[in-house]
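Read off the chains here:
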Number of protein chains: 2
Amino acid sequence: MDAAALFTRSAAVGRRRSREGSGFTQWWDQRHASARFDVRPVPFAGIDGWRFEQSTGNLRHESGRFFSVEGVRYRTGDGSWHTQPIINQPEVGILGLLVKEFDGVLHCLMQAKFEPGNLNTRQISPTVQATRSNFARVHRGGATPFVEYFRDPERGRVLVDVLQSEQGAWFWQKRNRNIVVQVDEDVPLHDDFRWLSVHELHCLLQVDDLVNMDTRTVLACMPLMPAEPRSGAQPGPFTDALLRSYGDPGAPGAAALHTLDEVRSWLTGERASCTWESRMIPLAAVTGWTRTSEEVADDERRRFRIMGVQVTAEGREVAQWSQPLLGTRGTGLSVFLVRSIGGVAHLLVRARPEPGLMGLVELGPTVQVEPCADLAAALDGVPYAAHACTADRGRTHFDTVLSEEGGRFHHARNRYRIIEVGDDVPLDVAGGFCWLTVAQMTALLRHGNYLNIEARSLLACVHTIW
Amino acid sequence: MDAAALFTRSAAVGRRRSREGSGFTQWWDQRHASARFDVRPVPFAGIDGWRFEQSTGNLRHESGRFFSVEGVRYRTGDGSWHTQPIINQPEVGILGLLVKEFDGVLHCLMQAKFEPGNLNTRQISPTVQATRSNFARVHRGGATPFVEYFRDPERGRVLVDVLQSEQGAWFWQKRNRNIVVQVDEDVPLHDDFRWLSVHELHCLLQVDDLVNMDTRTVLACMPLMPAEPRSGAQPGPFTDALLRSYGDPGAPGAAALHTLDEVRSWLTGERASCTWESRMIPLAAVTGWTRTSEEVADDERRRFRIMGVQVTAEGREVAQWSQPLLGTRGTGLSVFLVRSIGGVAHLLVRARPEPGLMGLVELGPTVQVEPCADLAAALDGVPYAAHACTADRGRTHFDTVLSEEGGRFHHARNRYRIIEVGDDVPLDVAGGFCWLTVAQMTALLRHGNYLNIEARSLLACVHTIW
C-alpha cells in the first residue's frame, strides 16, 4: 500500500471508530498535572551563556550553537530598503513523526511537549522535534527520545522526507527535515507520548492552540487521497468539490484549472520578476529598533521584540534554563479562499516574497498577515482582505487560532481560516495569485521551497473539513 | 505531443537527416569574420563605473546593478573556516531558448554570442542570455533580441521553465530562469542567430569550447525519451543500457536501483547532516587573498583571481565597455561514472556542498574539481578519482573541454568526461554518493536546486552518446 492510501485509511477509518473519545482528554490532563513549568521574562543579562557580541551586536550562545539573533536588510518591490532582527539557525532540525498501524489504522506517536514560548505550556508535537544541537546534547541534557528512528531511517519505512522552510519574516533561510517513518516493531512508550490516529489529529486541529506548528507542517506533507466523505462531514456540493480536489488533477472529474507544469512555470516567472533582495547584517546595524536591557523592539512597537525567558521545568531534557525568544504582538491572520471550479475545489495561493526565505518567494495563503499590534491597519490594501475577514459562518469552513513554534517564539499566534467563495472571486485573479487543487499542493510538497509554513499549516487544516 | 516526444523527435530524426552538414560551418565562419573583438586586461582603475566601496572593499558598479564582487566565509565538514571572494548577482537572469518545428523536426534558435571571457570570442548560446540589468538596458545599449518571447511566454508554448543554480564555488546563490518556448509563427532572424536541431547541438557539444554553459544547462532541462539508438550510435550493451536509462524508472525493463522517493529521501538526509555553514562578508574581510591594482588573488595562486578587462566589440549591444571578470587558473574536471545495473545505465551522483549554493548541497558529478593551478594535487584523496582519470578509451564515452560562462569568467574551462565502469565500482557506494538513471535526473530537473551546473552540463553531454 502506498503512503497516500495508508494515511487516508487512518483518516477515514479512524473517524468511523470514533477513537477520539478513547482517553485522549484524560491523558492530556495527566500530562498537565505531571509537571510544573514556570516561565518568566528576564533581562538579557540573566540569560545564561548568551551575550551580545561586541563587534556585531549579534545575540549568540557562548558555544556558537543553537541559534543567534542577527539583522537582515532587504529591498522590497517598491525599491525601499528595510532592516529588522532575524533568527539565524543554520542547522537543519528534525521534525520526525513515527507512525504505526494498530488494527489496520495508522497512528502517529505524538508528544505532549512543553516549549517556553507556548502560552499554555504543552502542545501536541511530533515524536521528535529537535535541532542538531539538541540531539547532539550541546546543553548536556537528556537524550532526545526516539531520535534514532530519524537519524537512521532504515529502521523503518520512510513515507515522507523533505526539507521545508519556516517563517520567512522571522528566520534566516531556516529549514527543517519533515520526516515520517513507519515501523512495525513494538515501541516502548514514555509518559509524554501517545499514539493518535490521523483522524484524531485532524479533530484536535480544530481546538485553539493545541496542535503545534511542527505537527501541522508534517501533517501537511502527508499525501491524502480520500475516496469518500467521512461520516462526520457535512454533505453538500462544497464537500464534494473538496474531495475531488484531492484526486489526480489529470483524472476525469478532478480536472485542475492549470496543469502542474503551468503552475510551476507561473511560479518561476513570479520568482524571476521579483526584485526583492535580502542579506544578513549585524544586529547593531539594524535601524528603527532599540535595544534595552530587556528587549530589542521596533520603535513603533508594531511588530515583535527579542526578549529573554527563564524556564524552570520538570520532565524536559534539563530542569532549568534560560534563552532568548522572539515575542510577537497581537495575532496574525492566514486565510485560504477556496472556490469550486468545474466541481473541483481550488485554493487561491499567493506567490509571496519574505526576507528570510531561501530564494525569497514561496507560495503562501491567499491572505497572510504576520502577528502585529494593529491587524486592521496591516490588512489595509491587501488583496482579498474583505473576503478573508467575512463574518459569514456559512462560508467559513475552518476558523481556529493556532500557535507558532514555542521553542523560538513567545505567544506567537495566527488565526487560520478557510473561506468558501464563489463568483464574487473571478477565476482571472490578481497578479501573483493562482488557483491550485489540494492534490497539486500535495504534489509540490514532495519538494522543499514551494509552500511556506503558513500555507502548510492551512493545508493541514483543509484536511479537517471533509 | 508532449515536450519529451518533441525533443526526442528532433534528436533522432535530425540525425537521420544529417543536417549538421547543412551550412553551420559556413555560417559560423561568417560570424567570426563579421566582427572584431579586442579584449585586454586593465587595472581596476581602468574599469569604467566600477569601484571598490570604501567601507566594505566590495567591487561594485556605480548603478548598484549588474553584479558585485564580495566575500564569503564558510565552514566545511571538518569544522574549519575559509574565506574567498564571491560574485553576488541577486537578479534572476534569463536563459531562454526559442524552438520551432521545421519539417516536423524541432529546431532551437541559437546565437553566435561573443562574451569577453570566452577564449575564442564567440560560442553557441541560447536565444536569450541576459540579466534583468541587461534587458532593462541599464547600460543604455541596444535591446536584447527576442527577449519578449520569455518575458511574456504566453506568446508561445512553454516546454521548460525552471530556476537553476550556477557555480556554487564562484556565485552567491545565483539563479537563472532556464526556459524553452515553442512558437509556430515566423521569427525574423538576425545575422547572429541560426536554427539548429537538437541533434546538431548534440554533435556540436563534442567540439571543445563551442557550445556554451548556458546552452548546456537548458539542453539538460529538456526531457528526452529516446525509443531507439540513433543511426550513428555504436551498438552494444552499453548503448542499450543507456537508452533504457531514459525510460520511466518504474516501467518493466527500465527499473532503477532506487525509487525517486528513495533518492529524494537520501538527499534530504545528506542535506540535513551537512554541517557546512556559509555567509557573505565584505570583500575586505577575506583573508589569504591580496588585492593589487590589477587583481584580487589567492596568495597561493592556486584558485582564481578577480581582474578587469576592456572590451572593444562590433556587433554587440554596445561597442565598448570594461568590466570585472573572475579569471581561473588551469582546467577543472567533471566526470560521471556510468554503470549498467540490471541492464539500465546509472550515473553516480555525489551530494556536494558548495559555499554559494542556496541550501548548500546539490547533486554534482561523481568527480568534480574546480579549475585550479594543480589538478593532480586537487584530485588527491577524491573518491573515484582513478576511475575518473582512466586513459582507457574503450570506457570513455565523452571527453571534451567546455567553457564556463564568458560573461563572468575569464577562460574558465572544465574537462567533461563520461566513463563507463563495471564491477570495479560496486553498487554499495561510498557515503554521499548515489546511482541515478537519466530519467530520474530529468525528473529532478523539473525543479530547481537538485542538480548543480556541472552535473547539468554533463547530463547534456550524455545525450550525445547514443
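Computed from a prediction, not measured in an experiment: that's the story for all the values here. (Residues numbered from 1 in each chain as written. Chains lettered and ligands numbered in written order. Predicted model: local features only at pLDDT ≥ 70, side-chain atom pairs only at ≥ 80, totals over all residues. Heavy atoms only, no water.)

## With respect to the overall build of chain A
- The helix and strand inventory of chain A stands at twelve helices and 26 strands.
- Relative to a compact globule of 466 residues, whose C-alpha radius of gyration would be 23 Å, chain A shows 22 Å and is just as compact.
- If one aligns the C-alpha atoms of chain A with their principal axes, the spans along those axes are about 65 × 55 × 40 Å.
- Scored against the burial criterion, the 466 residues of chain A give a buried share of 62%.
- Restricting the contact set of chain A to residue pairs at least 6 apart, pairs at least 24 apart contribute 73%.
- Within the structure as shown, chain A displays about 17,100 Å² of accessible surface, and the carbon and sulfur contribution to it stands at 47%.
- For chain A, the centre of its 50 positive side-chain charges and the centre of its 55 negative side-chain charges are spaced 3 Å apart. (Helix = DSSP H or I, 4+ residues; strand = E, 2+ residues; numbered from the N terminus. Rg over C-alpha atoms; globule rule 2.2 N^0.38 Å. Buried < 20%, exposed > 50% of the residue type's maximum accessible area, 1.4 Å probe, protein only. Contact = heavy atoms within 4.5 Å. Areas by Shrake-Rupley, 256 points an atom, 1.4 Å probe, with all protein chains shown as cover. Lys, Arg positive; Asp, Glu negative; His and termini not counted. Charge placed at Lys NZ, Arg CZ, Asp CG, Glu CD.)

## As for the packing of aromatic side chains
- For the coordinates displayed, the defined rule picks out 30 aromatic pairs over all chains.
- Aromatic pair Tyr384 of chain A and Phe433 of chain A: ring centres 5.0 Å apart, planes at 80°, arrangement edge-to-face. Here Tyr384 of chain A, found in the loop between α9 (375-379) and α10 (385-388), pairs with Phe433 of chain A, found in strand β26 (residues 433-436); they are 49 residues apart in sequence, far enough to count as distant. With respect to class, Tyr384 of chain A is no different from Phe433 of chain A; both count as buried.
- An aromatic cluster is present here, built from Phe24, Trp27 and Trp28 of chain A joined pairwise through their rings.
- Sitting over the face of the ring of Tyr149 of chain A, Arg155 of chain A holds its NZ or CZ atom 4.4 Å from the ring centroid.
- Geometry around Trp81 of chain B places Arg73 of chain B over its ring, the cationic atom sitting 4.1 Å from the centre. (Phe/Tyr/Trp six-rings, centres within 6.5 Å; stacked < 30°, edge-to-face > 60°. Lys NZ or Arg CZ within 6 Å of the ring centre and 35° of its normal.)

## A few points about the interface of chain A and chain B
- Tallying the contact residues gives 30 residues for chain A and 30 residues for chain B.
- Roughly 2,600 Å² of surface becomes buried between chain A and chain B when both sides are summed, with 46% attributable to carbon and sulfur atoms.
- Among the residues chain A hides against chain B, the three largest losses belong to Thr268, Arg279 and His447 of chain A. Together they make up 19% of the total.
- Where chain A packs against chain B, one counts four salt bridges.
- A salt bridge links Arg446 of chain B to Asp261 of chain A; the nearest nitrogen and oxygen atoms lie 2.7 Å apart.
- Contributions of two or more residues to the side of chain A that touches chain B are made by β10 (157-165), β12 (175-182), α8 (260-273) and β14 (277-281) of chain A.
- The class makeup of the residues in the side of chain A that touches chain B is ten nonpolar, nine polar and eleven charged. (Buried area = accessible area lost by both parts, 1.4 Å probe. Salt bridge = Lys/Arg side-chain N within 4 Å of Asp/Glu carboxyl O. Nonpolar A, V, L, I, M, F, W, Y, C, P; charged D, E, K, R; others polar.)

## Side note on the pairing of strand β19 (residues 332-341) of chain A
All names here are of chain A.
- Counted residue by residue, β19 has nine buried out of ten residues, so it is predominantly covered.
- Strand direction decides the pairing type here: β19 and strand β25 (residues 413-421), joined by eight bridges, are parallel. Among the inter-strand pairings, Val338 is bridged to a residue of β25, identified as Glu420.
- Where β19 folds back onto strand β20 (residues 344-353) in an antiparallel hairpin, the turn is made up of two residues, including Gly342, whose phi is positive at roughly 60°. (Pairing = 2+ DSSP bridges.)

## A few points about the side chain of Glu454 of chain A
All names here are of chain A.
- Secondary-structure assignment places Glu454 in helix α12 (residues 453-462).
- Despite its burial, Glu454 pairs with no opposite charge; the closest candidate is Arg352, at 6.0 Å N-O.
- Residues within four places of Glu454 in sequence aside, it is in contact with Gln167, Ser334, Pro365, Gln368 and Tyr416.

## A short note on empty space enclosed by the protein
- Applying the stated criterion across every chain yields a total of four cavities of 30 Å³ or more.
- If you add up the space inside the largest cavity, you get close to 300 Å³.
- For the largest cavity, the lining is made up of 24 residues, of which Pro90, Gln173 and Met358 of chain A together with Ser278 and Leu360 of chain B are closest to its centre.
- If you tally residues by element for the lining of the largest cavity, the top one is strand β14 (residues 277-281) of chain B, at three residues.
- Residues that form the lining of the largest cavity fall into these classes: twelve nonpolar, six polar and six charged.
- Looking at the second largest cavity, its volume works out to about 80 Å³. (1 Å grid on protein atoms, 1.4 Å probe; cavity = no way out; pocket = protein on both sides within 12 Å on 5 of 7 lines; lining within 4 Å. Points joined across faces, edges and corners; volume = space filled by probe spheres on them.)

## Examining the packing of helix α6 (residues 213-221) of chain B against helix α12 (residues 453-462) of chain B
Residues and elements named next belong to chain B.
- Two elements in contact, α6 and α12, have axes whose closest approach is 8 Å; the angle formed by their N-to-C orientations is 75°. What the angle tells us is that α6 and α12 run roughly perpendicular. Contacts from Met213, Arg216, Thr217, Leu219 and Ala220 in α6 reach Ile453, Arg456, Ser457, Leu459 and Ala460 in α12.
- The class makeup of the residues in the contact of α6 with α12 is six nonpolar, two polar and two charged. (Axes fitted to C-alpha atoms, helices over the stretch in contact; angles between N-to-C directions. Parallel < 35°, antiparallel > 145°, perpendicular 65-115°, else oblique.)

## Observations regarding the relation of the copies chain A and chain B
- By a simple turn and slide, chain A fits onto chain B: the slide is 0.0 Å along the axis, the RMSD is 0.0 Å, and the turn is 180°. The superposition of one copy onto the other is thereby described by a two-fold rotation axis. Minimal C-alpha distance to the rotation axis in chain A is attained by Met358 of chain A, lying at 3.4 Å.
- Both copies contact each other with a shared surface, as 100% of the interface residues of chain A are interface residues in chain B too. (Least-squares fit on C-alpha atoms with pLDDT ≥ 70 in both.)

## Quick look at the pairing of strand β6 (residues 93-102) of chain B
Residues and elements named next belong to chain B.
- Among the ten residues of β6, eight are classified as buried, and the element is accordingly described as predominantly covered.
- Two elements, β6 and strand β12 (residues 175-182), share seven bridges in a ladder whose sense is parallel. Note that in β12 the partner of Ile94 across the bridge is Arg177.
- Both β6 and strand β9 (residues 128-130) contribute to a ladder of three bridges, which runs antiparallel. Across the sheet, Ile94 pairs through a bridge with Ala130, a residue of β9.

## A short note on α12 of chain B
- Buried residues dominate α12 of chain B, accounting for ten of its ten residues.
- Residues of α12 of chain B that are buried include every one of Ile453, Glu454, Ala455, Arg456, Ser457, Leu458, Leu459, Ala460, Cys461 and Val462 of chain B, and no others.

## Observations regarding the pattern of salt bridges
- Under the criterion given, the structure shown has 56 salt bridges over all chains.
- Taken together, the shared-partner salt bridges in this structure form one network comprising Glu53, Arg60 and Glu70 of chain A together with Arg279 of chain B.

## Remarks on helix α7 (residues 237-245) of chain B
- Buried residues of α7 of chain B: Phe238, Thr239, Ala241, Leu242, Leu243 and Ser245 of chain B, and no others.
- For α7 of chain B, the secondary structure elements touched by its buried residues are β19 (332-341), β20 (344-353), β23 (396-403), β25 (413-421), α11 (438-444) and α12 of chain B.

## Structural notes on the state of the cysteines
- Evaluation of the coordinates by the stated rule reveals zero disulfides over all chains.
- Free cysteine Cys461 of chain A: the closest other cysteine sulfur is in Cys203 of chain A, separated by 13 Å.
- Of all cysteine sulfurs in the structure, the one in Cys274 of chain B sits closest to Cys434 of chain B, which takes part in no disulfide; the separation is 17 Å. (Disulfide = S-S within 2.5 Å.)

## Regarding the environment of Arg73 of chain A
- Relative to the elements of secondary structure, Arg73 of chain A occurs in strand β4 (residues 68-75).
- In sequence terms Arg73 of chain A and Thr287 of chain A are 214 residues apart; their C-alpha atoms lie 9.7 Å from each other.

## Digging into the side chain of Ser403 of chain B
All names here are of chain B.
- Within the secondary structure layout, Ser403 lies in strand β23.
- Side chain to side chain, Ser403 and Gln123 meet in a polar contact 3.1 Å long.
- Setting aside residues no more than four positions away along its own chain, Ser403 makes contact with Gln123, Asp209, Met213, Arg216, Ala412 and Arg413. (Polar contact = N/O pair within 3.5 Å; in protein donor to acceptor, adjacent residues only side chain to side chain.)

## A short note on unusual backbone geometry
- Its identity is not glycine, yet Asp209 of chain A carries a phi of approximately 55°, on the positive side.
- Tracing the sequence through the fold places Asp209 of chain A in the loop between α5 (198-204) and α6 (213-221).
- The exposure class assigned to Asp209 of chain A is buried, which follows from its relative accessible area of 4%.
- We note that His411 of chain B has phi near 55°; this positive angle belongs to a residue other than glycine.
- Examined against the element boundaries, His411 of chain B turns out to sit in the loop between β24 (409-410) and β25.

## Thoughts on the confidence of the model for chain A
- Looking at chain A, pLDDT values average 92 and 93% of them are 70 or higher.
- For this predicted complex, the interface score ipTM comes out at 0.94, alongside a pTM of 0.95. (pLDDT = per-residue confidence, 0-100.)

## A short note on the environment of Val309 of chain A
Residues and elements named next belong to chain A.
- Topologically, Val309 is positioned in strand β17 (residues 304-313).
- In this structure Val309 comes out as buried when scored by relative accessible area, which is 1%.
- Residues Val309 and Val39, spaced 270 residues apart in sequence, show a C-alpha to C-alpha distance of 6.3 Å.
- Every residue in contact with Val309, bar those within four places of it in the chain, is listed here: Val39, Arg40, Pro41, Val42, Pro116, Trp321, Ser322, Gln323, Leu325 and His410.

## Some words on the environment of Glu185 of chain B
Residues and elements named next belong to chain B.
- Mapped onto the elements of the fold, Glu185 is located in the loop between β12 and β13 (193-197).
- Counting along the chain gives 85 residues from Glu185 to Lys100, while the straight-line C-alpha distance between them is 8.4 Å.
- Setting aside chain neighbours within four positions, we find Glu185 in contact with Lys100, Tyr149 and Arg155.
- A polar atom in the side chain of Glu185 sits 3.3 Å from the side chain of Arg155.

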